[in-house]
Amino acid sequence: MIYKGKTVVLKDGRVATLRSPKVEDAEGLLRFLQICAVETEFILRNADECGLTLETEKQFILNAVSSPEIMMITAFIDGEVVGNCQFSFKNLEKVKHRAGIAIGTLKKCWGSGLGAELMTALCEEAKNCGIEQMELEYIDGNIRAEKFYKKMGFTEFARRPDAVRIGGVSHSDVWMLRSCLLYTSPSPRDTE
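Keep in mind it's a predicted model, so treat the numbers as computed, not measured.

**Q** What exactly am I supposed to notice about the packing of aromatic side chains here?
**A** Taken as a whole, this structure holds 5 aromatic pairs when the rule is applied. Measuring from centroid to centroid gives 5.6 Å for F148 and Y149, while their planes differ by 55°, and the two rings are tilted. The burial state of F148 is the same as that of Y149; both residues are buried. With centroids separated by 6.1 Å and ring planes inclined at 65°, the aromatic side chains of Y149 and F154 adopt a geometry described as edge-to-face. Judged by its relative accessible area of 9%, Y149 falls in the buried class. Members of the aromatic cluster, joined through ring pairs, are Y138, F148, Y149 and F154.

**Q** I tried to follow helix 4 (residues 143-151) on my own but got confused; where do I start?
**A** What sets the pattern is the α-helix's 3.6 residues per turn: residues three or four places apart point alike. Restricting attention to buried positions, one finds in helix 4 the residues A145, F148 and Y149. Across the axial projection of helix 4, the buried residues extend over an arc of 95°, all falling on one side. Next to the buried residues of helix 4 lie strand 5 (98-105), helix 3 (114-128), strand 6 (133-139) and strand 8 (169-179). Looking at the residues trailing helix 4, positive phi occurs at G153, about 95°.

**Q** Looking at this model, I keep getting lost on the pairing of strand 8. Mind explaining?
**A** The side chains of a regular strand alternate between the sheet's two faces. Here strand 6 runs beside strand 8; their pairing, made up of 7 bridges, is antiparallel. From the neighbouring strand, L136 faces strand 8, where its bridge partner is M176. Where strand 7 (residues 155-166) lies against strand 8, 8 bridges are found, and the strand directions are antiparallel. Counterpart to R165 in the pairing with strand 8 is S170. Counted between consecutive antiparallel strands, the loop separating strand 7 from strand 8 contains 2 residues, among which G167 sits at a positive phi close to 60°.

**Q** Please clarify how the nonpolar core should be interpreted in this entry.
**A** Nonpolar side chains tend to gather and get buried jointly when the protein is soluble and globular. If you look at the biggest cluster of nonpolar residues, it comprises 46 residues, and the most contacted ones within it are F87 and M134. Apart from residues lying up to four places away in sequence, F87 is in contact with M1, E69, I70, M71, A99, G100, I101, L122, E125, A126, C129 and M134.

**Q** Where do I start with the environment of D173 in this structure?
**A** By the secondary structure assignment, D173 is in strand 8. When the C-alpha atoms of D173 and I139 are compared, they prove to be 4.8 Å apart, with 34 residues separating the residues in sequence.

Rules behind the numbers
Residues numbered from 1 in each chain as written. Predicted model: local features only at pLDDT ≥ 70, side-chain atom pairs only at ≥ 80, totals over all residues. Heavy atoms only, no water. Phe/Tyr/Trp six-rings, centres within 6.5 Å; stacked < 30°, edge-to-face > 60°. Buried < 20%, exposed > 50% of the residue type's maximum accessible area, 1.4 Å probe, protein only. Helix = DSSP H or I, 4+ residues; strand = E, 2+ residues; numbered from the N terminus. Arc of directions from axis to C-beta. Contact = heavy atoms within 4.5 Å. Pairing = 2+ DSSP bridges. Core = buried A, V, L, I, M, F, W, Y, C linked by side-chain atoms within 4.5 Å.

Printed below as a string of structure tokens:
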């Protein structure tokens, strides 16, 4: 699916463009993934595991934008990829009301409202697609993520123990959801 795109002014005055990625953004998205893996231990890939090829990333983008079940929204500031999110769902009758989501921003954008802008755009688009329930998971111990998701209206519904090991220490996966039916997104200025 293609996101129509919009421009937003962040809390710190920077201007971000939110839009679907294009094939020519593949190199920037790979760099974004590598930087995120260095900046936080709370994503599944270590920095040395971000060895996707440019061709693989281009194909991933093509598949996402042409899929009726996936929407990616990428954030750019001055041409640099600084955030990315997506939702995906199955078009099977029994589960097509649910979507899984993922989101990330570069550390230099933490606290700027970019995450809230991305999440709000993502949730609005999901609702427009008939999604009734958004689902995500994060690694226990990621306090920033926990606070952010709660502010965005997500509630915990389960934990998977010993799901991730960071530096030899086991962490649980925390699963959260929120309804799209009765939910109004908070103002991005009220979050992060």
